[in-house]
Amino acid sequence: MMQRAILALIGAEEWRGPVQMAADRYALAPRETGRPSLMLFSGARLPVARAEPHCHILGDRFGSGSQAWGNFIEIAAPPVGDVVVRRASLTGMPLYWREVEGGVLFFSHLELVEKIGVDFSVDTGFLRYLLAFGNFRAPRTGLIGVQELYPGTRLRFGTGPPIMSSAWSPWPHARARFAGEDAAAQLETRIMESVSAWAAGRSSIVVELSGGLDSSIVAAALAKGGHDFDAATIATRSPDGDERHFARAVAERCGASLAEFIHGDAPPDLVAGPAFLSPRPATYGVLAGIDAALGAAAASDRDASIFSGIGGDNVFAINRSIVPVLDAFRSLGPGRRSFAALRDCARLCNATIWKAGRVLWREQRRKPSGDWPRDDGYCVRASLPDAPLAHPWDGETDDLPVGKIRHVQSIQRIGDFLDRPGRWYGRDVVAPLLSQPVVELCLSIATWEWVTGGRDRAVARAAFAPHLPDKVVWRRNKGRLETMCAEAFLAQRSALARILLEGRLAREGLVDRPRVEAYLARDRIENDYDYFRLLELADIELWVESVDALGGGGTSKRSQRAY
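A brief structural summary.

Reading the values: the criteria
Residues numbered from 1 in each chain as written. Predicted model: local features only at pLDDT ≥ 70, side-chain atom pairs only at ≥ 80, totals over all residues. Heavy atoms only, no water. Pairing = 2+ DSSP bridges. Helix = DSSP H or I, 4+ residues; strand = E, 2+ residues; numbered from the N terminus. Axes fitted to C-alpha atoms, helices over the stretch in contact; angles between N-to-C directions. Contact = heavy atoms within 4.5 Å. Expected span 1.5 Å × (residues − 1). Buried < 20%, exposed > 50% of the residue type's maximum accessible area, 1.4 Å probe, protein only. Arc of directions from axis to C-beta. Phe/Tyr/Trp six-rings, centres within 6.5 Å; stacked < 30°, edge-to-face > 60°. 1 Å grid on protein atoms, 1.4 Å probe; cavity = no way out; pocket = protein on both sides within 12 Å on 5 of 7 lines; lining within 4 Å. Points joined across faces, edges and corners; volume = space filled by probe spheres on them. Nonpolar A, V, L, I, M, F, W, Y, C, P; charged D, E, K, R; others polar. Salt bridge = Lys/Arg side-chain N within 4 Å of Asp/Glu carboxyl O.

A separate point is the sheet that holds strand β5 (residues 55–62). Strands in a sheet are paired, the pairing made by backbone hydrogen bonds, and the direction either parallel or antiparallel. Read across the open sheet, the six strands follow the order β4-β5-β6-β7-β11-β12; overall the sheet is antiparallel. Looking at which strands have only one partner, the edges of the open sheet turn out to be β4 (48–52) and β12 (163–166). Each strand axis lies, on average, 25° off the axis of its neighbour in the sheet, ignoring direction. Sheet topology places β4 next to β5; four bridges connect them, and they run antiparallel. Opposite Val 48, over in β5, you have Leu 58 as the bridge partner. Sitting on the sheet, helix α4 (residues 183–199) is in contact with β5 and β6 (69–76), with an inclination near 55° to β6.

Listed below in structure tokens is the structure:
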């Protein structure tokens, strides 16, 4: 049973039988649309409403009309005329589509249509983009013919080809200048209101509480809003991954119970394959143990909603570079506030103000680019594209400071992680810090305000300082997983070598085989994090194998998680 799934078919009469069978297989309920050419099914726990007689809302929607936000799919299907499908901005649930004979098939999970005769094959051209521009998520997926309805966009289906248009863009909010006197107070209000909107109507909530600032803010907002919740945290056996003392302090302050899990001694199986079917490479093999441990926290209550602090770093403009100072000098000129920003950045980066000044002078002369960063390590650059895929947020940004552009890019980047954790598959997961009202406000705040006092995420810290323990809200370090990941990599290099040197990417000439072989031959990798790139390439290769098995009519190679 998939309790929060969507399956729909527009037209394509010959596909009605297979789609009905898929809906029955996963216990999806039929939804009356009033339009014979539209079949619509959804899971039992997915809220369903009507904004008007022929407009169906699936999921959480707050507000109305063009100002509505949440985690919803809106389907406007009048008895005659075009059908328009819209996805909520930022936090909208994934929805994929592909044209079939005489119509369009929609599905929220690839598993739904695995066995109904749809042909799936890997889009090698997509892989080339993925290898050059990591985490640049666009409507195009890794399966030929399959597109994603991107957050904040709509699709119109009529007599011609489907037409995509944008319903929301971050750029107007990035261009806006915060007009209030106290950004922290307004941010506190926005987060509190957004968290309460998500929590209302949810009877059971589990917060994934790492002990870091972002998940702690979510917990504090729930507590201040009077919403009951439990919390869960995980620790590795190495000190760099043990944040339990921070999580305990937050749970005690919020009056919540805290379940603690220890990552086991056995390393994760890095060649097990994806945890679930997906139209793009998704799960990270090295994090399988963490997925299993945190997944166990909510496994006993499958109806529990999972609240996460994911996206906080991105929305709160975390930055450890000179970019906020560049923005200040460009926007304000060489005045007192700009020099204060220089001092703040120096303190944040543990540098002298003189060193920060030299970096500022060099970067001003260099004119840093706002292009999406290229990351093609261990690949053959000549075989990869020079620019990323087309994206709904593409537009002219020459009038914006580079820090604002990177703030938007950071928010865009986190969107590629929202459906990756295996423990979240098929669950009701809420990322309240990515709520549209919160993001819009944060985009309007000047980048140098986020480093006030020499602390990253300064506005968010100030907003929730009254509600969190000092040792959490003012902490400067973050938990890390390098020890666990490095040990797993070193223990399984021989198995990884087969995947990296003999798989599709290598056969297509996309992987720099000599460089990969040289790295795999190393005995020590201290202070060298290139192994994360090799693990990423291995995950991509394992995803390709799973799709090849699926497309060939076999059962997809993927591990079955206990939760």
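Time to look at helix α12 (residues 402–414). End to end, α12 covers 19 Å across 13 residues, agreeing with the expected 18 Å (1.5 Å per residue, within 8%). Counting buried positions along α12 gives 10 out of 13 residues, so the element sits mostly inside the fold. Looking at α12, one finds that the buried residues are Val 402, Gly 403, Lys 404, Ile 405, His 407, Val 408, Gln 409, Ile 411, Gln 412 and Ile 414. Considering only its buried residues, α12 is in contact with α3 (171–175), α8 (312–315), α9 (323–332) and α13 (436–444).

On to the pairing of strand β7 (residues 83–87), then. For β7, the buried fraction is high: five of the five residues fall into the buried class. The two faces of β7 match: Val 83, Val 85 and Arg 87 on one face and Val 84 and Arg 86 on the other face are all buried. Pairing analysis gives four bridges linking β6 to β7, with the strands arranged antiparallel. Across the sheet, the residue bridging to Ile 75 is Val 85, located in β7. Where β7 and strand β11 (residues 153–157) come together, four bridges link them in antiparallel fashion. Each residue of the ladder has a partner; that of Arg 86, found in β11, is Arg 154.

Moving on: helix α19 (residues 513–520). Within α19, the full set of buried residues consists of Val 516, Tyr 519 and Leu 520. The buried residues of α19 all sit within an arc of 100° when viewed along its axis, so they share a single face.

All right, on to the sheet that holds strand β2 (residues 29–30) then. Spatial strand order, β2-β3-β1-β9-β8-β10: six strands in an open sheet with antiparallel pairing. Every interior strand has two partners, whereas the edge strands, β2 and β10 (147–148), have only one.

Overall, the coordinates contain 19 aromatic pairs when judged by the stated rule. Look at Trp 97 and Phe 157: their rings are 5.9 Å apart centre to centre, the planes differ by 85°, and that puts the pair in the edge-to-face class. You can see Trp 97 sitting in strand β8 (residues 96–100) and its partner Phe 157 sitting in strand β11, a full 60 residues away along the chain. Judged by relative accessible area, Phe 157 falls into the buried class, the value being 7%. When the ring of Phe 276 is compared with that of Tyr 425, the centres are 4.4 Å apart and the planes differ by 15°; the resulting orientation is stacked. Here Phe 276, found in the loop between β15 (258–262) and α7 (288–299), pairs with Tyr 425, found in the loop between α12 and β17 (429–430); they are 149 residues apart in sequence, far enough to count as distant. Residue class for Phe 276 comes out buried when judged on its relative accessible area of 7%. Take Tyr 425: its relative accessible area is 21%, and that puts it in the partly exposed class.

What follows concerns empty space enclosed by the protein. On inspection of all chains with the given rule, the structure shows five cavities of 30 Å³ or more. Of the volumes computed, that of the largest cavity is approximately 810 Å³. Surrounding the largest cavity, 46 residues form its lining, Gly 92, Met 93, Pro 94, Leu 418 and Asp 419 being those nearest its centre. Counting only elements with at least two residues in the lining of the largest cavity, the list comes to α12 and β17. In terms of residues, the lining of the largest cavity owes the most to one element, α12, which gives three residues. When its residues are assigned to classes, the lining of the largest cavity shows 26 nonpolar, 10 polar and 10 charged.

What follows deals with the environment of Arg 362. In this fold, Arg 362 is placed in helix α11 (residues 353–366). Judged by its relative accessible area of 46%, Arg 362 falls in the partly exposed class. Measuring from C-alpha to C-alpha, the distance between Arg 362 and Phe 532 comes to 30 Å, with 170 residues separating the pair along the chain.

On inspection of all chains with the given rule, the structure shows 37 salt bridges. For the salt bridge of Arg 343 with Asp 344, the shortest nitrogen-to-oxygen distance reads 3.6 Å. Residue Arg 343 is classed as partly exposed on the basis of its relative accessible area of 49%. The exposure class assigned to Asp 344 is buried, which follows from its relative accessible area of 3%. Sharing partners across several salt bridges, the network here consists of Arg 87, Arg 137, Glu 148, Arg 280, Asp 416, Asp 419 and Arg 420.

It is worth stressing that arrangement in space is one thing and function is another; only the former is reported here.
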